[in-house]
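# Understanding the architecture of this molecule
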Amino acid sequence: MTRFRRFVLMLGLAAAATALVAACGGDDDDTGSAESGSRPNPTATASLAGAAPSPTATPASAFPVTIEHEGRSVTIKERPKRIVALSNDVADIALRLAGPERVAALPASNGTPSLAAGAAMAGSVATKLPPGTNPEPEQILSLKPDLVLITTRHGGEQDAAKLLEQVNVPLLIFAHWGKPEEIAENVRVIGKAVGEVEKAEQLVKEMEAGMERVKKAVSGVQTKPRVVAFSDQANRPFLIGKSGGGITPALIAMAGGELVADQGGPAQTERVVALNPDVIVIIDVWGKGLENYRSILDAPAMQALPAVKNNRIIVLPAWQAFLPTDQVWVGLEALAKALHPEAFRS
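Here we summarise the structure given alongside this text. Given the structure is predicted, the values throughout are model-derived calculations rather than measurements. (Residues numbered from 1 in each chain as written. Predicted model: local features only at pLDDT ≥ 70, side-chain atom pairs only at ≥ 80, totals over all residues. Heavy atoms only, no water.)

A few words on empty space enclosed by the protein. By rolling a water-sized probe across the atoms, one finds the places where empty space is left. This model, assessed by the stated rule, comprises 1 cavity of 30 Å³ or more. The volume enclosed by the largest cavity comes to roughly 30 Å³. Surrounding the largest cavity, Leu141, Val148, Leu164, Val167, Val169, Pro170 and Leu171 form its lining. Taken together, the residues that form the lining of the largest cavity break down as 7 nonpolar, no polar and no charged. (1 Å grid on protein atoms, 1.4 Å probe; cavity = no way out; pocket = protein on both sides within 12 Å on 5 of 7 lines; lining within 4 Å. Points joined across faces, edges and corners; volume = space filled by probe spheres on them. Nonpolar A, V, L, I, M, F, W, Y, C, P; charged D, E, K, R; others polar.)

See below:
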């Protein structure tokens, strides 16, 4: 059976289930995730750097809400209790805003500390979606979501979004994350959707204040160190160019550095030596530190580079300086301190 035909069948089953619930009447018992009837204790979640305080949530009486976003109008009838987030970035924000007790499913990668600020809370979410960028609409519907969040960076995610638009489930699609103002807008949209407007606003204010502090600190610097940046999402060093690499190129520029690789690609010693960096930025995607980078960092030709001789190698987890969430200010500050330590001595 093709993916489309399976999905059409699921649509029919979902419609039948909706009609049955409407006929029989609902109850107020929230059974938690699809895989477990127990509800995690929200007070047991670990605190984390950058986590927002917990102001009063938007009351249920504030719903329904209608959200205009990305050229679409989405109405959410009730405060969501079964949020399914299909992408790492939206999942991390939703988890920290709504708490694990209201998230029915998220990507398995959100439990990896190097990939998500809210990784400590992800363990309380029963359903972990398999890795990859090709979410299955049938599985999503089986989770009985009342809100679906997705970032459409890849073809599989775009296909899934098109299919899910045919279902009577609120779906918010996020396509733009590359600039701080886009991140702020997305956080606010998610906050409104999950009924946590005040928390969302605090996250945005924290991000904007952190970025403003860095901007002020580096405003008077006279030189821009030459920077080479790597990521290891494929478990091997990959050179980040100006036109790719998540939000890393923008953060390096804001931190007062000059990313010297025009194009990204597999890391090659000869190319890195030719770029002659003053600073090397390592994006640690999998929490392995420098392990995936030893093949290039330990090469004899690299030892004469200013960055290596002067030990100016900075390692940052991906959630700080690669994935675009409200926590990018943490990575920005770390980058700026590494590039211009003199600007932070006072």
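What follows is about the pattern of salt bridges. Across all of its chains, the model carries 8 salt bridges by this definition. Taking the shortest distance from any N to any O, the salt bridge between Arg96 and Asp326 comes out at 2.5 Å. Separated by 230 residues along the polypeptide, Arg96 in helix 2 (residues 88–98) and Asp326 in the loop between helix 12 (318–321) and helix 13 (328–339) bring together distant segments of the chain. Lys242 is paired through a salt bridge with Asp262; the nearest N and O atoms lie 3.2 Å apart. In this pair, Lys242 is assigned in the loop between strand 9 (238–239) and helix 8 (248–254) and Asp262 in the loop between strand 10 (258–259) and strand 11 (265–266), connecting sequence segments 20 residues apart. Residues joined by salt bridges that share partners form a network here, namely Arg79, Arg102 and Glu196. (Salt bridge = Lys/Arg side-chain N within 4 Å of Asp/Glu carboxyl O. Helix = DSSP H or I, 4+ residues; strand = E, 2+ residues; numbered from the N terminus.)

On to the sheet that holds strand 6 (residues 147–151). Pairing is parallel across the open sheet formed by 5 strands, whose spatial order is 5-4-3-6-7. Where the open sheet ends on each side, the last strands, each with one partner, are strand 5 (127–129) and strand 7 (171–174). In this sheet, adjacent strand axes meet at a mean angle of 15 degrees when their direction is disregarded. Sitting on the sheet, helix 2 is in contact with strand 3 (83–85), strand 4 (103–107), strand 6 and strand 7, with an inclination near 145 degrees to strand 4. Docked against the sheet, helix 6 (residues 180–194) engages strand 3, strand 6 and strand 7, running at close to 170 degrees with respect to strand 7. (Pairing = 2+ DSSP bridges. Axes fitted to C-alpha atoms, helices over the stretch in contact; angles between N-to-C directions. Contact = heavy atoms within 4.5 Å.)

So, about the environment of Gln320. Within the element layout of this structure, Gln320 appears in helix 12. For Gln320, a relative accessible area of 12% gives the class buried. Here the alpha-carbon distance between Gln320 and Ala117, two residues 203 residues apart in the chain, equals 8.1 Å. Those residues within four positions of Gln320 in sequence are excluded, and the remaining contacts are Leu251, Gln327, Val328, Val330 and Gly331. (Buried < 20%, exposed > 50% of the residue type's maximum accessible area, 1.4 Å probe, protein only.)

In globular proteins that are soluble, nonpolar side chains generally tend to be buried together. If you look at the biggest cluster of nonpolar residues, it comprises 64 residues, and the most contacted ones within it are Leu149, Leu172 and Ile190. One finds Leu239, Leu275, Ile282 and Leu297 within the second-largest nonpolar core, a separate group that totals 17 residues. (Core = buried A, V, L, I, M, F, W, Y, C linked by side-chain atoms within 4.5 Å.)

What follows is about the pairing of strand 6. Most of strand 6 is tucked away: 5 of the 5 residues are buried. Relative to strand 7, strand 6 runs parallel, the two sharing 4 bridges. Paired with Ile150 across the two strands is Ile173, which belongs to strand 7.

With 11 of 11 residues buried, helix 2 lies mostly within the body of the structure. Of all the residues in helix 2, the buried ones are Asn88, Asp89, Val90, Ala91, Asp92, Ile93, Ala94, Leu95, Arg96, Leu97 and Ala98.

For the rest of this paragraph, the subject is the packing of aromatic side chains. Within the structure shown, the criterion is met by 2 aromatic pairs. The interplanar angle of 45 degrees and the centroid separation of 6.0 Å between the aromatic rings of Phe174 and Trp177 together place this pair among those described as tilted. Here the two residues Phe174 and Trp177 agree in accessibility, since each one is buried. Between Phe230 and Tyr293 the ring centres are 6.3 Å apart and the planes differ by 45 degrees, which places this aromatic pair in the tilted class. Remark: Tyr293 occurs in the loop between strand 12 (279–284) and helix 10 (294–297) and Phe230 occurs in strand 8 (residues 226–231); sequence separation between them is 63 residues. (Phe/Tyr/Trp six-rings, centres within 6.5 Å; stacked < 30°, edge-to-face > 60°.)

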